[in-house]
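Inside the fold
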Amino acid sequence: MALVDVVGLIASFFVLAAFTPQILKSYRTKKMDDVSYYMMAILIASATSWVVYGYMKNDFIIIGVNAGVFILNLTLVLMKYKYSRK
């Protein structure tokens, strides 16, 4: 495995790990009022664009991490929908 791939995997780990505290806190408190739908929509659009870019470049690290980002953001959207005050 090339050094560039190792760096990509490490970066991928940190990007995906960054969502964990918010998901765990939201699950525990059942509160997501301060989390913006707009931010999550922009992140979902970004991750989707990165997946397409990764597919075009045939780069499975880019595809995998951004598919993960998409899923984690979708999880947050669903949690916000469920837990936000009506």
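For every chain, the first residue of the written sequence is number 1, and numbering continues from 1 along that sequence. Local features in this predicted model are restricted to residues whose pLDDT is 70 or higher, and side-chain atom pairs enter the listing and the counts only when it is 80 or higher, whereas totals over whole chains, interfaces and linings include all residues. As a convention, hydrogens and water are excluded, and side-chain values are obtained from all of the structure's heavy atoms.

Quick word on the side chain of Ser12
Formally: Going along the chain from the N terminus, every DSSP run of H or I of four or more residues is numbered as a helix, and every run of E of two or more is numbered as a strand. Contacts are residue-level and defined by heavy atoms, with any inter-residue pair within 4.5 Å sufficient.
As for its position among the elements, Ser12 is in helix 1 (residues 3-17). Discounting residues that sit within four places of it in the chain, Ser12 has contacts with Ile61 and Val65.

Re the packing of aromatic side chains
Selection rule: In summary, the pairing rule links any two rings of Phe, Tyr or Trp, Trp by its six-membered ring, whose centres are within 6.5 Å, and it sorts them by plane angle into stacked for under 30 degrees, edge-to-face for over 60 and tilted for everything else. Partly exposed describes any residue whose relative accessible area lies between the buried limit of under 20% and the exposed limit of over 50%, with all areas from a 1.4 Å probe on protein chains only and scaled to the type maximum. Distance and angle both matter: a charge sits over a ring if NZ of Lys or CZ of Arg is within 6 Å of the ring centre and within 35 degrees of the ring normal.
Within the structure shown, the criterion is met by two aromatic pairs. Their ring planes at 70° and their centres at 5.4 Å tell us that Phe13 and Phe14 sit as a pair that is edge-to-face. Phe13 sits in the exposed class, given a relative accessible area of 55%. Taking the relative accessible area as the measure of exposure, Phe14 reaches 55% and is therefore exposed. We note Lys30 situated over the ring of Tyr27; from NZ or CZ to the ring centre the distance is 4.0 Å.

Some remarks on the packing of helix 3 (residues 37-57) against helix 4 (residues 60-83)
Put simply, the rule is: Angles run from 0 to 180 degrees between N-to-C directions of axes, and those axes are lines fitted to C-alpha atoms, restricted for helices to the stretch in contact. These descriptions rest on fixed angle ranges, namely under 35 degrees for roughly parallel, over 145 for roughly antiparallel, 65 to 115 for roughly perpendicular, and the rest for oblique. Should the near helix be turned anticlockwise from the far one by less than a right angle, the crossing is left-handed, and should it be turned clockwise, the crossing is right-handed. Each residue gets one label: Ala, Val, Leu, Ile, Met, Phe, Trp, Tyr, Cys and Pro are nonpolar, Asp, Glu, Lys and Arg are charged, and the others, such as Gly, are polar.
Taken N-terminus to C-terminus, the directions of helix 3 and helix 4 make an angle of 160°; their axes are 8 Å apart at the nearest point. Relative to helix 4, the element helix 3 is oriented roughly antiparallel. By crossing handedness, the relation of helix 3 to helix 4 is classed as left-handed. Within the contact between the two elements, helix 3 uses Tyr37, Met40, Leu43, Ile44, Ala47, Thr48, Trp50, Val51, Tyr53, Gly54 and Tyr55 and helix 4 uses Ile62, Ile63, Asn66, Ala67, Val69, Phe70, Asn73, Leu74, Leu76, Val77, Lys80 and Tyr81. For the contact of helix 3 with helix 4, the residue count by class is 18 nonpolar, four polar and one charged.

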